[in-house]
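The chain contents come next:
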Amino acid sequence: MLSLAPARHALLRAFSPPVFRFVHGMKLEYSGHGEPEDVLRVTSFPLTTKLEKDQVMVQMEAAPVNPSDINQIQGTYPKKPELPATGGNEGSGRVVNIGEGVRVLKPGDRVIPSRSCLGTWRTHLVGSEDDLLRVPSDIPSVLAATMSVNPCTALRMLEDFETLKEGDTIIQNGSNSGVGQAVIQIARTKGVNSVCIVRDREDLAETEEYLTKLGASLVLSESQATSPDGREMIKAMKKPSLGLNCVGGRSALTVMRNLANHGTMVTYGGMSRKPLTVPTGSLIFNDIKVVGFWMTRWNEMHDRMEREEMLSTIADLIRTGNLELKVETNRIEDFSRVFETTKAGFTGYKQVFQFE
């Protein structure tokens, strides 16, 4: 299902061969670390028509803004490009030119980055063939641009840590995040129930309605999840065997305390910036396993075939309407407003730069 903000709709255009209408490209660049709205600037750069043997030129179509992109610009993310750098790690585009040694990709292919730090917030990107992965061309560009981080993280966590069966239950916090929404929808396709915790908020009823429509079995705020009534609602369901944590602090403790014996707690983020506290009893008496997951590391440890198979699974979910990715498209010139919206929290839409 393609779900776009009404403000700007993606136009699906037939690909045309590499006629270079542009002499210069545009990019969002930063020369020092800090808040994105303070250090980013739109710059132009000359386009090259001469490529090295293994190089590929991509005309970017769309590139989203993820929390890790912001952390990278702030200088707090483990992987950081050399400065000056172009922002963005995820995106999609069309191959418009290839070097004479390129064997797999061809002009017209839709591709996404195969590694981080390529800098996707730009109109054109030049990289080696190994830097790119081909994705199905029938997936709209703005959805292809958001396939490789949130949905893949959700899929891997649901499949790699516990053998979930129909009727099983998982519990997660940060449930209205991009990963959290993907977890809800993918779990639904597997017949797996999801207990979904969100932070206390004024628009809780609206958030609950939205997540329930996606397939959440139970939506609770942080305070509700620790209340007597909330605990009883969770207990009424089958004990979760898998817990997913992207918040940390007391929220993570709530997830862990609701896990079944021998369950697994997977941490993939720390939005509260508070440490993860593990009760001794959870380890000794409940045999809870506490592990971490980082999509970047998974990608580094698996070959191109495995990654393309994973992306094919995500593409199938999108085609069949089982995975809805809601995006709002923007011009890169409007980046200040984009980061204000991203930092404001839940809007229901992922912010995406679209290049025309």
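Throughout this description, residue numbers start from 1 for each chain and increase along the sequence as written. Side-chain atom pairs in this predicted model are given and counted only at pLDDT of 80 or more, local residue features only at pLDDT of at least 70, and totals for whole chains, interfaces and linings cover all residues. To get the side-chain values, all heavy atoms of the structure are used, and hydrogens and water are removed first.

## Some points on the overall build of the chain
Condition: By the criteria applied, helices consist of DSSP H or I runs no shorter than four residues and strands consist of E runs no shorter than two, each listed in order from the N terminus. In this description the radius of gyration comes from C-alpha coordinates, and the expected globular size is given by 2.2 Å times residues to the power 0.38. Any residue under 20% of the maximum accessible area for its type is buried, any over 50% is exposed, and the rest in between are partly exposed; the area is computed with a 1.4 Å probe on protein chains only. The contact definition used throughout considers only heavy atoms, calling two residues in contact when any of these lie within 4.5 Å. Accessible surface area values rest on a Shrake-Rupley calculation with a 1.4 Å probe, where residue burial reflects the displayed protein chains alone.
Within the chain, the regular secondary structure consists of 13 helices and 17 strands. Relative to a compact globule of 356 residues, whose C-alpha radius of gyration would be 21 Å, the chain shows 21 Å and is just as compact. Referenced to the eigenvectors of the C-alpha coordinate spread, the extents of the chain come out at roughly 65 × 40 × 35 Å. Per-residue burial over the chain gives 55% buried out of 356 residues. Sequence-distant contacts in the chain: of pairs separated by 6 or more residues, those separated by 24 or more amount to 71%. A total of about 16,400 Å² of accessible surface is found on the chain, and carbon and sulfur atoms cover 51% of it.

## Brief notes about the sheet that holds strand β3 (residues 41–46)
As a reminder of what qualifies: Strand pairing is assigned whenever DSSP identifies at least 2 bridges connecting the two strands.
Here we have 3 strands laid out as an open sheet, ordered β3-β2-β5, and antiparallel in their pairing. The sheet terminates laterally at β3 and β5 (85–86), the two strands that pair on one side only. As judged from the 2 bridges shared by strand β2 (residues 24–30) and β5, these two strands associate in the antiparallel manner. Bridging across to β5, Tyr30 finds its partner in Ala85.

## Here's the deal with the pattern of salt bridges
Selection criterion: Only one rule defines a salt bridge in this text: a Lys or Arg side-chain nitrogen within 4 Å of an Asp or Glu carboxyl oxygen.
One pass over the structure, following the stated rule, counts 20 salt bridges. Between Lys27 and Glu29 there is a salt bridge, with the nearest N and O atoms lying 3.4 Å from each other. Glu29 carries the same exposure label as Lys27, and that label is buried. With its nearest N and O atoms 3.6 Å apart, the salt bridge here joins Glu61 to Arg94.

## Some points on the packing of helix α5 (residues 178–189) against helix α6 (residues 204–214)
Counted only if it meets this: Note on method: axes are straight lines fitted to C-alpha atoms, helices fitted across the in-contact stretch only, with angles between N-to-C directions ranging 0 to 180 degrees. Charged means Asp, Glu, Lys or Arg here, nonpolar means Ala, Val, Leu, Ile, Met, Phe, Trp, Tyr, Cys or Pro, and polar covers whatever is left, Gly included.
Between α5 and α6, the least distance of the axes is 8 Å, while the angle of their chain directions is 35°. Facing α5, whose interface residues are Gln181, Ile184, Gln185 and Arg188, α6 presents Tyr210, Leu211, Lys213 and Leu214. The residue inventory of the contact of α5 with α6, partitioned by class, reads 4 nonpolar, 2 polar and 2 charged.

## Examining the pairing of strand β10 (residues 169–172)
What counts is decided by this rule: Crossover handedness is defined here as right-handed if the route from the first strand over the helix to the second strand goes clockwise, with the strands pointing away from the viewer.
The alternating pattern of β10 places Thr169 and Ile171 on one face and Ile170 and Gln172 on the opposite face, and all of these are buried. Pairing of β10 with strand β11 (residues 193–198) involves 4 bridges; the strand directions are parallel. The partner of Ile170 across the bridge, within β11, is Ser194. A crossover connection joins β10 to the parallel β11 through α5; in handedness this β-α-β unit is right-handed. Taken together, the 3 bridges between β10 and strand β13 (residues 242–245) define a ladder with parallel strand orientation. Bridge pairing in β13 links Ile170 to Leu242.

## Topic: unusual backbone geometry
In this structure, Pro84 follows Leu83 across a cis peptide bond, with omega equal to -5°. With respect to the helices, strands and loops of the structure, Pro84 is situated in the loop between α2 (67–74) and β5. Unusually for a residue other than glycine, Arg273 sits at a positive phi of about 60°. Inspection of the secondary structure puts Arg273 in the loop between β14 (264–267) and α10 (280–284). Among the residues examined, Arg273 registers a relative accessible area of 68% and is labelled exposed. In this model, Asp287 sits at a positive phi of 55°, which is unusual for a non-glycine residue. By secondary structure assignment, the location of Asp287 is in the loop between α10 and β15 (289–292).

## Some points on the environment of Ser128
The topology assignment puts Ser128 in strand β8 (residues 124–128). With 76 residues separating them in the primary sequence, Ser128 and Glu52 have C-alpha atoms 8.7 Å apart.

## Here we look at the pairing of strand β17 (residues 350–354)
Extensive coverage of β17 is indicated by the burial of 5 of its 5 residues. Sheet topology places strand β4 (residues 55–64) next to β17; 3 bridges connect them, and they run antiparallel. The residue bridging Pro64 from the neighbouring strand is Val352, located in β17. Relative to β17, strand β16 (residues 325–330) is paired through 4 bridges, and the arrangement is parallel. Note that in β17 the partner of Thr329 across the bridge is Val352.

## Remarks on the nonpolar core
Side chains of nonpolar character tend, in soluble globular proteins, to be buried together. Worth spelling out the cut-off: Among the buried residues, those of types Ala, Val, Leu, Ile, Met, Phe, Trp, Tyr and Cys that are joined through side-chain atoms within 4.5 Å form a nonpolar core.
One finds Met147, Leu158, Ile314 and Ile318 to be the most contacted residues of the largest nonpolar core, which totals 42 residues. For this core, the elements supplying multiple residues, two or more each, are α3 (141–144), α4 (150–160), α5, β13, α11 (295–301), α12 (304–319) and β16. If one sorts the elements of this core by residue count, α12 sits on top with 6 residues. Formed by 26 residues, the second largest nonpolar core is a distinct cluster that contains Met60, Ile70, Leu118 and Trp121.

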